[in-house]
Amino acid sequence: MPLTIALLCVPALLGTSLLALVVRRSPQGYRAVYGISLAVSLLGLFAALSQLLAGAEPSHTVLPLGLPWLGAHLRIDALAAWFLLIANLGGAAASLFALGYGAHEPAPQRVLPFYPAFLAGMTLVVLADDAFTFLLSWECMSLASWALVMAHHRERDNRHAGYVYLVMASFGTLTLLLAFGLLAGAQGGYAFETIRAAPPAPLFASLVLILALLGAGSKAGLVPLHVWLPLAHPAAPSHVSALMSGVMTKVAIYGFVRIVFDLAGAPAWWWSMLVLALAGVTTVMGVLYALMQSDLKRLLAYSTVENVGIVYLGLGLALAFKAQGMAWAAALAMTAALLHGLNHCVFKSLLFFGAGAVLHAAGERDMERLGGLIHRMPQTAFAFLVGCVAISALPPLNGFVSEWLTFQAVLLSPELQSWGLKLLVPGAGALLALSAALAAACFVRAFGVTFLGRARSPAAERAHETDRFSRAAMFACAAICLVVGILPGLFIDALAPAVAQLVGDRMPVQTVAGWQTIVPIVEGRSSYNGLLVFVFMTAAASLTAYAIHRVASDRVRRGPAWDCGFPDPSPATQYSATSFAQPIRRVFGTVVFRARERVEMPPPGSPAPARLSVSLQDLVWDGLYAPVAAGVGRAADRLNHLQFLTIRRYLSLVFVALVALLLVLAIWP
Amino acid sequence: MALIFDLAVQGVQMLLVLALAPLLTGFVRKVKARLTRRRGPSLIQPYRDLVRLLRKEVVLAENASWLFRVVPYVVFAATWVAAALVPTFAAGLIFSWSADLIAIIALLGSARFALALAGLDVGTSFGGIGSSREVMIASLAEPAMLMIVFTLALIAGSTQLSTIATFMATGDVGLRVSLGLALIALIMVAIAENARIPVDNPATHLELTMVHEAMVLEYSGRHLALIELSASLKLLLYLSLIGCVFAPFALAGPEAGLSAYALGAALYVLKLAAGGFLLAVFETSIAKMRVFRVPEFLGAALMLGLLGTLLLFVSRGL
């Protein structure tokens, strides 16, 4: 039953796309499109929840679509249901936000038709049960999102972003195609059932892991395959950015989990090392990049890279434990990873909505020209603050729960046998701890510079509160952040069937512990109670406030800022985004980004201004992508000669090619 | 009945940390004054300061937002809850399972997050410099602290602070290299987190190298009182933490009687006094370092913590 409902969502969304073609130019058309998308997403959410909470058996169906000898295999199991939940939750929130935000879209005809198709693609990827359907819907998702990235294609940066995205998406799909080819084997059994029944040989399985890591990892944004992500995600309209960061990266992670944990058979011991190393680098690099950005949406996109790293860290640990046969520990790591997927979807959507609201209200996403928005947009500021606290992994909100679970999984790893892992896992744990602290710094900066202080531009001074749909979407996300943070046991229990399906064991039942305490292994070892922490903090804060106001003093006087006696009326004397990051740039950036500061001081007596210039170098781009791009360019230059040959030469080329091919055919065994 | 008694003990602990925190700050100040051959203010001066500040009106900057007024309460609540969860005179109190050591560190992180935001709220350059340096210091101190937690958790087989303290008290821990590394790293982190010399100077104003004081420069009246009290609580928390893990003498167990609690409390006060005295001696004997030397200092703490964890990954006996 859930499968039928979920499948009905897909034609409904595709139908909405067609409807959007009709209404694309009418001023109220966006309401119809986003309204229907919202309703369909809620339906999909219902399907996912009914599958998860009922603990229903997997159900599957074969539709006579696609390749005639294969058909379209579709299946919903606990894992698919969990990601269906993420996809539709993100989809519903984005549609609700867009009901208000869509009014400001300058070119709705370039957004409306692709938006439902994007949602449909993501839903279908999760439901696909054969390689052909999977890749087809994966491509549908990629192309629809590419079209949305290119919605404002008159801006040069967006065209560049679209180009890089297209190249990386093609590369990712190519590697996935090869991975499925290896999984299917010589007989070409492309249905996942057939692959599961006959997993590939160890050598092929290892190749599949590497290809899946490249393919799904490039979509999810693993360093060094992340380069397209911070370009493409901010280029799209904000609700689409939220979907791309919050949901599409999760669908990519779903692809990785499905291939590696479900289809590729038993893991080899070194797989986890590869995943953990990449994940550790990704978490720290992602957040360091984010700290260096002054574009709010790009900062959020880089922070997505970091969070994807955290999810992959959990997955890597789960792989390590699974390879060692420690299923109970693998269950903990896997739960942490999957829960962080949901958490990141919620708070990143919220933050992108906030960025969208700011972008509309102040016409600006460069933090250096914002500031003081908490006075003009108090509700948006509050919701954005909740998102910032959640993503910084601070109690009592949800980000902390999943990072806490990941730390607990790291603490189990001394029981691993392999020496490589014994040395690698503490390092990965340290990188995770570092990234958590840096993320807090990053979001103090993001919130502080954007919303606090004094306005840095006239536009920021004239900003206004956003519409009610946008606020509803943001507050809904904020509420989910709190609920998952204080009642994590419910979600861990809901995840249990998915985890059991992947690693063969589950975490202990959480809801029996009373008071909503979560206990990863046994009570004496570690436990955390978000509800109590929240209640204690709220009670302590409100009682203190009440007591002080009653007994001591409640008088307030407004006066000019003190600032050690030297307040300056110009907002330019505030700390800016760049200056806030300066200490961290000096500590970490000199190595990671080759950050250099140069001071040009004019000679004494000269009226010329002194200058401070900062240069950063993106070593991943310069070291990896620029040489490849240069190589392709050089090859194209060489091959350019082929365009200017005489007809005689062309004919002889054709002849030589024919002979060569025939020779190959003759020699081929 | 037992439940009421347990709740009462937990309540006593919450009030005890609150009551002792200003005294500890006063004691450290007194010892520092004596060491520099000054008479120094009386031991209860911090209480008088708090009462005076609480009674005064609050002077808010014109463009201060609601966040600025809420933050002192959030900081205080988070620090107080964290401090009440660290075993002081007894381990295994009724709410000790609600947050483990990682969560306690994260609660302090929440407090710092709020305070750093408040530093940016008015939009002054001093607030900005304080916030930006505070998060830089935190970005190294927090991972170092987590590595110390890892080391302790791997030795005791638990991240629950009560369990760790009870395990350390049993005496079958013995001397371990990793424990020594963790202790040194913990002291370094504690110094940085509490804005003590050589990382920061709690007694300065109007100095370009100050960090914590710059961040709270705009606060006055009851807000300032809460922030000062939170700072005292944090110092007490770190000394209690070091005490309960590395000197868990006479820590009362979960089912102890009144006499055990009294003994635990008496020794706890002695431990605090010893810790405060050592801190004062250390602070008077060292000069403050430049702000960009701090990353090296904390980087060393991080490496020590990581080394401790690595040793335990290699062999459970080290």
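Everything numeric in this text was worked out from a predicted model, so none of it was measured. (Residues numbered from 1 in each chain as written. Chains lettered and ligands numbered in written order. Predicted model: local features only at pLDDT ≥ 70, side-chain atom pairs only at ≥ 80, totals over all residues. Heavy atoms only, no water.)

**Overview of the overall build of chain A**
Working step 1: In terms of regular secondary structure, chain A is built from 24 helices and 5 strands.
Working step 2: The C-alpha atoms of chain A give 26 Å as radius of gyration, which agrees with the globular expectation for 669 residues (26 Å, within 12%).
Working step 3: Its C-alpha atoms put chain A at 95 × 70 × 60 Å along the principal axes.
Working step 4: Burial status across chain A gives 58% buried among its 669 residues.
Working step 5: A sequence separation of at least 24 residues applies to 79% of the contacts in chain A between residues at least 6 apart.
Working step 6: Total accessible area on chain A is roughly 25400 Å²; 68% of this is exposed by carbon and sulfur atoms.
Working step 7: Put simply, chain A has 42 plus and 31 minus side-chain charges, and the middle of one group is 7 Å from the middle of the other. (Helix = DSSP H or I, 4+ residues; strand = E, 2+ residues; numbered from the N terminus. Rg over C-alpha atoms; globule rule 2.2 N^0.38 Å. Buried < 20%, exposed > 50% of the residue type's maximum accessible area, 1.4 Å probe, protein only. Contact = heavy atoms within 4.5 Å. Areas by Shrake-Rupley, 256 points an atom, 1.4 Å probe, with all protein chains shown as cover. Lys, Arg positive; Asp, Glu negative; His and termini not counted. Charge placed at Lys NZ, Arg CZ, Asp CG, Glu CD.)

**Side note on helix α10 (residues 258-284) of chain B**
Working step 1: In a regular helix each residue adds 1.5 Å, so 27 residues correspond to 39 Å; α10(B) covers 39 Å between its end C-alpha atoms and thus fits that length.
Working step 2: Buried within α10(B) are the following residues: B:Tyr261, B:Gly264, B:Tyr268, B:Lys271, B:Leu272, B:Gly275, B:Gly276, B:Leu279, B:Ala280 and B:Glu283. (Expected span 1.5 Å × (residues − 1).)

**Section: the side chain of A:Asn529**
Working step 1: Mapping A:Asn529 onto the fold places it in the loop between α20 (488-503) and α21 (530-552).
Working step 2: Side-chain polar atoms of A:Asn529 contact the side chain of A:Thr517, separated by 3.0 Å.
Working step 3: Leave out the neighbours within four places in its chain, and A:Asn529 touches A:Trp515, A:Gln516, A:Thr517, B:Trp97 and B:Ser98. (Polar contact = N/O pair within 3.5 Å; in protein donor to acceptor, adjacent residues only side chain to side chain.)

**Looking at helix α16 (residues 398-411) of chain A**
Working step 1: Across its 14 residues, α16(A) extends 20 Å between first and last C-alpha, which sits within 8% of the 20 Å expected from 1.5 Å per residue.
Working step 2: Counting buried positions along α16(A) yields 14 of 14 residues, so the element is predominantly enclosed.

**Here's the deal with the packing of aromatic side chains**
Working step 1: On inspection of all chains with the given rule, the structure shows 27 aromatic pairs over all chains.
Working step 2: Relative to A:Tyr625, the ring of A:Trp621 lies with its centre 5.5 Å away and its plane at 10 degrees, an arrangement referred to as stacked. In this pair, A:Trp621 and A:Tyr625 both sit in helix α23 (residues 619-639), 4 residues apart, roughly one turn of the helix.
Working step 3: The buried category is assigned to A:Tyr625, whose relative accessible area is 15%.
Working step 4: One aromatic cluster is present, built from ring pairs that chain together A:Phe134, A:Trp138, A:Phe180 and A:Phe192.
Working step 5: Sitting over the ring of A:Trp419, A:Lys422 keeps its end group 5.8 Å from the ring centre.
Working step 6: If you follow A:Arg586 out to its NZ or CZ, it ends over the ring of B:Phe292, 3.8 Å from the centre. (Phe/Tyr/Trp six-rings, centres within 6.5 Å; stacked < 30°, edge-to-face > 60°. Lys NZ or Arg CZ within 6 Å of the ring centre and 35° of its normal.)

**What to know about the interface of chain A and chain B**
Working step 1: In this complex, chain A contributes 81 residues to the contact, which on the side of chain B involves 78 residues.
Working step 2: With both chains or domains summed, chain A and chain B bury close to 7100 Å², and 72% of this area falls on carbon and sulfur atoms.
Working step 3: Together, A:Leu411, A:Arg558 and A:Tyr575 form the three largest contributors to the area buried by chain A at its contact with chain B, with a combined 9%.
Working step 4: Across the chain A-chain B interface, the total number found is 1 salt bridge.
Working step 5: For B:Glu57, the salt bridge is made with A:Arg557, and the minimal N-O distance between the two is 2.7 Å.
Working step 6: Taken together, chain A and chain B are joined by 30 residue pairs in polar contact (both at pLDDT 80 or more).
Working step 7: Mapped by element, the contributors of at least two residues to the side of chain A that touches chain B are α14 (373-376), α15 (378-391), α16, α17 (419-451), α21, β3 (556-559) and α22 (577-592) of chain A.
Working step 8: The leading source of residues in the side of chain A that touches chain B is α17(A), at 18 residues. (Buried area = accessible area lost by both parts, 1.4 Å probe. Salt bridge = Lys/Arg side-chain N within 4 Å of Asp/Glu carboxyl O.)

**Details of a nonpolar patch on the surface**
Working step 1: Where nonpolar side chains cluster on the molecular surface, the patch consists of A:Val599, A:Met601, A:Leu612, A:Val614 and A:Leu616 and spans about 490 Å² of accessible area.
Working step 2: Within the secondary structure, A:Leu612 sits in strand β5 (residues 611-615). (Patch = residues over 30% accessible without salt bridge, like charges linked within 9 Å, V, L, I, M, F, W, Y side chains within 5 Å.)

**Some words on the pattern of salt bridges**
All names here are of chain B.
Working step 1: Applying the stated rule across the entire model yields 18 salt bridges over all chains.
Working step 2: In this structure, lysine 234 and glutamate 193 form a salt bridge, with 3.4 Å as the shortest nitrogen-oxygen distance. Pair noted here: lysine 234 is in helix α9 (residues 221-246) and glutamate 193 is in helix α7 (residues 177-193), with a separation of 41 residues, a long-range link.

**Comments concerning the domain arrangement of chain A**
Working step 1: On domain assignment, one finds that chain A holds domain 1 (267-542) and domain 2 (619-667).
Working step 2: A separation of 47 Å is found between the C-alpha centroids of domain 1 of chain A and domain 2 of chain A. (Domains from an automatic or database assignment.)

**Observations regarding unusual backbone geometry**
Residues and elements named next belong to chain A.
Working step 1: Cis rather than trans, the peptide bond between proline 395 and proline 396 has omega equal to 5 degrees.
Working step 2: Along the chain, the position of proline 396 falls in the loop between α15 and α16.
Working step 3: The phi dihedral of arginine 594 is positive, around 50 degrees, even though this residue is not glycine.
Working step 4: Among the secondary structure elements, arginine 594 is positioned in the loop between α22 and β4 (596-600).
Working step 5: Residue classification places arginine 594 among the partly exposed residues on the basis of a relative accessible area of 43%.

**Comments concerning the packing of helix α13 (residues 327-362) of chain A against α15(A)**
All names here are of chain A.
Working step 1: Two elements in contact, α13 and α15, have axes separated by 9 Å at closest approach and are oriented at 145 degrees. Crossing angle aside, the handedness with which α13 passes α15 is left-handed. Listed contacts from α15 to Phe347, Lys348, Leu350, Leu351, Gly354, Ala355 and Ala357 of α13 are Thr380, Ala383, Phe384, Gly387, Cys388, Ala390 and Ile391.
Working step 2: Within the contact of α13 with α15, the residues separate by chemical class into 10 nonpolar, 3 polar and 1 charged. (Axes fitted to C-alpha atoms, helices over the stretch in contact; angles between N-to-C directions. Left-handed = near helix turned anticlockwise from the far one by under 90°. Nonpolar A, V, L, I, M, F, W, Y, C, P; charged D, E, K, R; others polar.)

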